[in-house]
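Given next are the chains, with one letter for each unit.
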Amino acid sequence: HPAGAALLEPALARPTPDLAERADRLVRDWLTTRAVVNGCVGAIVDGYSRDVAAIRRRGFPLWARGTHPADSAGRLDAVARNVPVTVGGVRIEPGDLILADVDGVVVVPAARAERVIAAAETKAGIEDTVRAELAGGRTIAETYAKHGVM
């Protein structure tokens, strides 16, 4: 199955195998421009990106290991859409829930999405309560003893 980059629904790209690992997994502005035309809403790359300022100006969400100035000519082939991929050692199946923000990326298998969302909402509610109690003067030790979260 393809590896390297997942453009979130519906496109997918995979690097050609002839260059060093991850250095050839490069997403750039023109690729994300076309991805948006194809209905993509973001990209997670087990590699690098370039043209980051242009990508950010367009508001295209992109998560990558870092930036690299290389051109992508001869380094990237579009090979499939809506197929399983592996990014960062994590298998992603079509239909899986992908949540990404400045802290990182989480993949939730579609079959477990309802349970995981419910558990996350419960935990977020407890964390909001702890935050409010800390702001009200309680200590971390007190809130941990009461709620069991830090």
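Structure's up top.
Residues numbered from 1 in each chain as written. Predicted model: local features only at pLDDT ≥ 70, side-chain atom pairs only at ≥ 80, totals over all residues. Heavy atoms only, no water.

Engineer: Break down the sheet that holds strand 7 (residues 66–67) for me, with residues and values.
Structural biologist: On the basis of which strands lie adjacent, the open sheet formed by 3 strands has the order 3-5-7 and parallel pairing. Looking at strand neighbours, the two that pair on one side only are strand 3 (26–27) and strand 7, the edges of this open sheet. In the sheet, strand 5 (residues 48–49) pairs with strand 7 via 2 bridges, with the strands oriented parallel. Across the sheet, the residue bridging to tyrosine 48 is glycine 66, located in strand 7. (Pairing = 2+ DSSP bridges. Helix = DSSP H or I, 4+ residues; strand = E, 2+ residues; numbered from the N terminus.)

Engineer: Can you break down the layout of surface pockets residue by residue, with the values?
Structural biologist: Taken as a whole, the largest pocket encloses approximately 410 Å³ of empty space. In terms of lining, the largest pocket is formed by 23 residues, of which the most central are Val45, Leu62, Trp63, Ala64 and Arg65. Elements with a minimum of two residues in the lining of the largest pocket: strand 4 (43–45), helix 2 (52–57), strand 6 (62–63), strand 7, strand 10 (90–92) and strand 12 (104–108). Top contributing element to the lining of the largest pocket by residue count: strand 12, with 4 residues. Residue composition of the lining of the largest pocket, grouped by class: 15 nonpolar, 5 polar and 3 charged. (1 Å grid on protein atoms, 1.4 Å probe; cavity = no way out; pocket = protein on both sides within 12 Å on 5 of 7 lines; lining within 4 Å. Points joined across faces, edges and corners; volume = space filled by probe spheres on them. Nonpolar A, V, L, I, M, F, W, Y, C, P; charged D, E, K, R; others polar.)

Engineer: Lay out the pattern of salt bridges with the relevant residues and their values.
Structural biologist: Across all of its chains, the model carries 9 salt bridges by this definition. Measuring nitrogen to oxygen at the nearest pair gives 2.7 Å for the salt bridge that ties arginine 65 to aspartate 46. Of this pair, arginine 65 sits in the loop between strand 6 and strand 7 while aspartate 46 is found in the loop between strand 4 and strand 5, placing the two residues 19 residues apart along the sequence. Here arginine 91 makes a salt bridge to glutamate 93, at a shortest N to O gap of 2.6 Å. Relative accessible area serves as the criterion here: at 39%, arginine 91 is assigned to the partly exposed category. Taken together, the shared-partner salt bridges in this structure form one network comprising Arg28, Arg50 and Asp51. (Salt bridge = Lys/Arg side-chain N within 4 Å of Asp/Glu carboxyl O. Buried < 20%, exposed > 50% of the residue type's maximum accessible area, 1.4 Å probe, protein only.)

Engineer: How would you summarise unusual backbone geometry if you had to cite specific residues and measurements?
Structural biologist: Its identity is not glycine, yet aspartate 51 carries a phi of approximately 60 degrees, on the positive side. With respect to the element layout, aspartate 51 can be found in the loop between strand 5 and helix 2.

Engineer: If you had to explain the pairing of strand 11 (residues 97–101) to someone new, which residues and values would you point to?
Structural biologist: Successive side chains on a regular strand alternate, one facing one side of the sheet and the next facing the other. As judged from the 5 bridges shared by strand 11 and strand 12, these two strands associate in the antiparallel manner. Bridging from a neighbouring strand, leucine 97 pairs with valine 108 of strand 12. Taken together, strand 11 and the strand that follows it, strand 12, pair antiparallel across an intervening segment of 2 residues.

Engineer: Describe the packing of helix 3 (residues 113–135) against helix 4 (residues 140–147), and please don't skip the residues or the numbers.
Structural biologist: Interaxial distance between helix 3 and helix 4 falls to 10 Å at its minimum, and their mutual angle equals 150 degrees. Between helix 3 and helix 4, the angle is such that the two are roughly antiparallel. Handedness of the crossing formed by helix 3 with helix 4: right-handed. Within the contact between the two elements, helix 3 uses Ile126, Thr129, Val130, Glu133 and Leu134 and helix 4 uses Ile140, Thr143, Lys146 and His147. (Axes fitted to C-alpha atoms, helices over the stretch in contact; angles between N-to-C directions. Parallel < 35°, antiparallel > 145°, perpendicular 65-115°, else oblique. Left-handed = near helix turned anticlockwise from the far one by under 90°. Contact = heavy atoms within 4.5 Å.)

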